[in-house]
Amino acid sequence: MAAQEGGDGLELEELSGAQVIAKALRDQDLRYMFGIVGVPVVEVAMAAQAAGIKYIGMRNEQAACYAASAVGYLTGRPGVCLAVSGPGLIHALGGMANANMNCWPVIVLAGSSDRNQETMGAFQEFSQVEACRLYSKFSARPNSLEAIPVVIEKAIRSSMYGRPGASYVDIPGDMVTSKIRRTSLRTVPCCLRAPIALAEPQAVKEAALIIKNAKRPLVILGKGAAYSRAEDNIRKLITRCGLPFLPTPMGKGVVPDNHLNCVSAARSRALQNADVILLLGARLNWILHFGYPPRFHPDVKIIQVDLCAEELGNNVKPVAALLGDVNAVVGQLLECFRINPWTYPSNAEWWLYLKEKMKDNEEAAKALAAQKSLPMNYYTVFHNIQALLPEDCIIVSEGANTMDIGRTMLQNYMPRHRLDAGTFGTMGVGLGFAIAAALIAKDQSPHQQVICVEGDSAFGFSGMEVETMCRYSLPIVVIVVNNNGIYSGLDEDTWKEMSKLGETAIVAPPISLLPNAHYEQVMSAFGGKGYFVKTPQELQKALAACLTDRKMPSLINVMIDPSSDRKRQDFTWLTRSNM
């Protein structure tokens, strides 16, 4: 900061555009920035650090945006993704789209061509504001340095209010280095958390009556319930009313997975036969098969709770539409059941029917986990991982079978402690999510562990971010479940025989990857610890060592049977490939 000589120094103090941006972000209580610097945003990152914002230099803009959006989900306040112009922003668009689909708040800032070079073919010139409108709730370029604090506040407010999502702010290169007097800047108050909206009281009473009259009730918990911090009220509702519940993947932990009312082990049976479903912060999209038969009962009655009016009635018309904050609306339902107490009978036929299927599926999973043959299968791997994980660890997971089977085998006991490919089904999110989670844990819960469970294919999308983990000494445990391929692969002997038949690009199955790839050596190359394991005993020993020594990140490369698969599925339409 420079001050002109003479007069009141404070009045004449000048700030650069980069300092104005950093001050505006800090005034809005944004604490984390992820990105890759270059012309024209190097100064922005430096100014952010000087303002007390933590800057994490990533290796790819997509991963940076994934990390920034995870901060938004985990804290309720958006993280910032900083990108350079043109290609840098284009790389970040994947993260913006993912955040928008997941309904997570994130702010993307990108440099752009100087204003006086617009339409002239400037370096990395690109229609950035227009491009970002497809992937965000808000996209704008301040027209002056004076406008920057106002635009940034609006971007943050837009990302947090209503249905959360992405916001984009475009910063021309010449604006970064321009100067302005501090007194010329408008003071913009810090944007508070989104206002809490209650559902219409009569609609809540009608919903409570529908639940009471249900013969086969079910509560579905979505990540919207986790985002709204609704865990205390939802746990009270589940326990007080004795309702069976089913979490979506990132709804896990809102009520602990080991709760007696959790029916995840009978997911298909619960969805197919429930006559009344209370949908809390979840959408009837592909993850829940749109609410359609045969996945759902044809005559199911949906009670939908969502903060987005446009979401109410998507695909299935609800019998009760409760528009409002999930936590607040569940509080309203609790009040109804306080005034007129009711508990679903624990000996109801519906409970017996669900528990029968839960027992069968749990026994089938245990049998697969107990197999002694080598190479290991997925269930054996996850059984041995689960045995050592701390209850409060954050689990990040991505991959095909790795993520799906891991969801059923790895338990979550606390809300917002599972991050995965999400609504957009995005692969490559894992390491960015893990970095964000580890940073927040470092600041708020230093004892907390972050476990990132990756398929070998998924790891490849952003594997270089292990260098980021090492550079910032983030003690993340990365576990790569390695089956030599996408969905499945080939063992080393089969690969060698196949290679004799002709050029690999012609004869190798498109789903295959290099057999026995030593991903752990990538971590070792940057100073972290790497382990290559083939047996349950080696896996347990390596994981125990990683959980004990928390000075640096580590990677366990777990070799499994290339043909290992999940247990037979009742509904295979989402994984219908014949490969």
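Presented here is a report on the structure given in the accompanying data block. In this text the structure is predicted, and so the values were computed from the model without any measurement.

### Here's the deal with the overall build of the chain
Looking only at helices and strands, the chain has 23 helices and 22 strands in total. What you see for the chain is a C-alpha radius of gyration of 25 Å, in line with the 25 Å of a compact globule of 579 residues. Each principal axis of the C-alpha atoms in the chain carries an extent, and together these give about 85 × 70 × 45 Å. With 579 residues in all, the chain has 57% of them scored as buried. Look at the contacts in the chain between residues 6 or more apart in sequence, and 77% of them connect residues 24 or more apart. Approximately 24200 Å² of the chain is accessible, and the part contributed by carbon and sulfur atoms is 53%. Here the chain holds 56 positive side-chain charges and 55 negative ones, and the gap between their average locations is 6 Å.

### A few points about the sheet that holds strand 13 (residues 301-306)
Read from one edge of the open sheet, 5 strands run 11-10-12-13-14, paired in parallel fashion. Of all strands in the sheet, those with a lone pairing partner are strand 11 (245-247) and strand 14 (320-323), marking the two edges. Averaged over all pairs of adjacent strands, the angle between strand axes in this sheet comes to 15 degrees, irrespective of strand direction. Alignment of strand 12 (residues 276-280) against strand 13, held across 5 bridges, turns out to be parallel.

### Here we look at the nonpolar core
Ranked by size, the top nonpolar core spans 118 residues in total, and within it F34, I234, I476 and V478 carry the most contacts. Among the elements that line this core, the one with the most residues is helix 4 (residues 61-75), at 10 residues. Excluding residues within four positions of it along the chain, I234 makes contact with L221, A225, V254, V255, L280, V326 and V330. If you look at the next biggest cluster of nonpolar residues, it comprises 37 residues, including A22, V151, I171 and I180.

### Description of the packing of aromatic side chains
Here the distance between the centres and the angle between the planes together describe a pair of aromatic rings. Considering all chains together, one arrives at 9 aromatic pairs under this definition. Ring centres of W342 and Y344 lie 6.4 Å apart, and the angle between their planes is 55 degrees; on these two criteria the pair is classed as tilted. For the pair W342 and Y344, a shared accessibility class is recorded, and that class is buried. Residues F459 and Y519 carry aromatic rings whose centres are separated by 5.5 Å and whose planes lie at 70 degrees to one another, so their mutual orientation is edge-to-face. Here the residue F459 occupies a position in helix 18 (residues 456-461), and Y519 occupies one in the loop between helix 21 (504-507) and helix 22 (520-525), the gap between them amounting to 60 residues. The residues F459 and Y519 share a single accessibility class, namely buried.

### Overview of unusual backbone geometry
Trans peptide bonds make up the majority, and among non-glycine residues the majority have a negative phi. Across the junction of V39 and P40, the peptide omega takes the value 10 degrees, indicating a cis bond. Looking at the secondary structure, you find P40 in the loop between strand 3 (32-35) and helix 3 (42-50). Following L374, the chain continues into P375 via a peptide bond in cis, with omega recorded as 0 degrees. With respect to the element layout, P375 can be found in the loop between helix 14 (349-369) and helix 15 (378-386). Of note in this structure, R229 is not a glycine but carries a positive phi near 60 degrees.

### A word on the side chain of N102
Here N102 shows up in helix 5 (residues 87-102). The exposure class of N102 is buried, given its relative accessible area of 2%. Side-chain polar atoms of N102 contact the side chain of K223, separated by 3.5 Å. Once residues within four sequence positions are removed from consideration, N102 is found in contact with K223, M250, R283, G422, T423 and F424.

### What about a nonpolar patch on the surface?
A contiguous nonpolar patch, built from V37, V42 and M46 and spanning about 240 Å² of accessible area, is present on the exposed surface. With respect to the helices, strands and loops of the structure, V42 is situated in helix 3.

### Things to note about the pattern of salt bridges
Under the criterion given, the structure shown has 19 salt bridges. With a closest N to O distance of 2.5 Å, K54 and D443 form a salt bridge. In this pair, K54 sits in strand 4 (residues 54-57) while D443 sits in helix 17 (residues 430-444), placing the two residues 389 residues apart along the sequence. Exposure remark for K54: the relative accessible area of 36% places this residue in the partly exposed category. With a closest N to O distance of 3.1 Å, R59 and E467 form a salt bridge. A residue pair is termed long-range when its members are at least 10 positions apart, and R59 in the loop between strand 4 and helix 4 and E467 in helix 19 (residues 465-471) qualify at 408 residues.

Rules used in this analysis
Residues numbered from 1 in each chain as written. Predicted model: local features only at pLDDT ≥ 70, side-chain atom pairs only at ≥ 80, totals over all residues. Heavy atoms only, no water. Helix = DSSP H or I, 4+ residues; strand = E, 2+ residues; numbered from the N terminus. Rg over C-alpha atoms; globule rule 2.2 N^0.38 Å. Buried < 20%, exposed > 50% of the residue type's maximum accessible area, 1.4 Å probe, protein only. Contact = heavy atoms within 4.5 Å. Areas by Shrake-Rupley, 256 points an atom, 1.4 Å probe, with all protein chains shown as cover. Lys, Arg positive; Asp, Glu negative; His and termini not counted. Charge placed at Lys NZ, Arg CZ, Asp CG, Glu CD. Pairing = 2+ DSSP bridges. Axes fitted to C-alpha atoms, helices over the stretch in contact; angles between N-to-C directions. Core = buried A, V, L, I, M, F, W, Y, C linked by side-chain atoms within 4.5 Å. Phe/Tyr/Trp six-rings, centres within 6.5 Å; stacked < 30°, edge-to-face > 60°. Polar contact = N/O pair within 3.5 Å; in protein donor to acceptor, adjacent residues only side chain to side chain. Patch = residues over 30% accessible without salt bridge, like charges linked within 9 Å, V, L, I, M, F, W, Y side chains within 5 Å. Salt bridge = Lys/Arg side-chain N within 4 Å of Asp/Glu carboxyl O.

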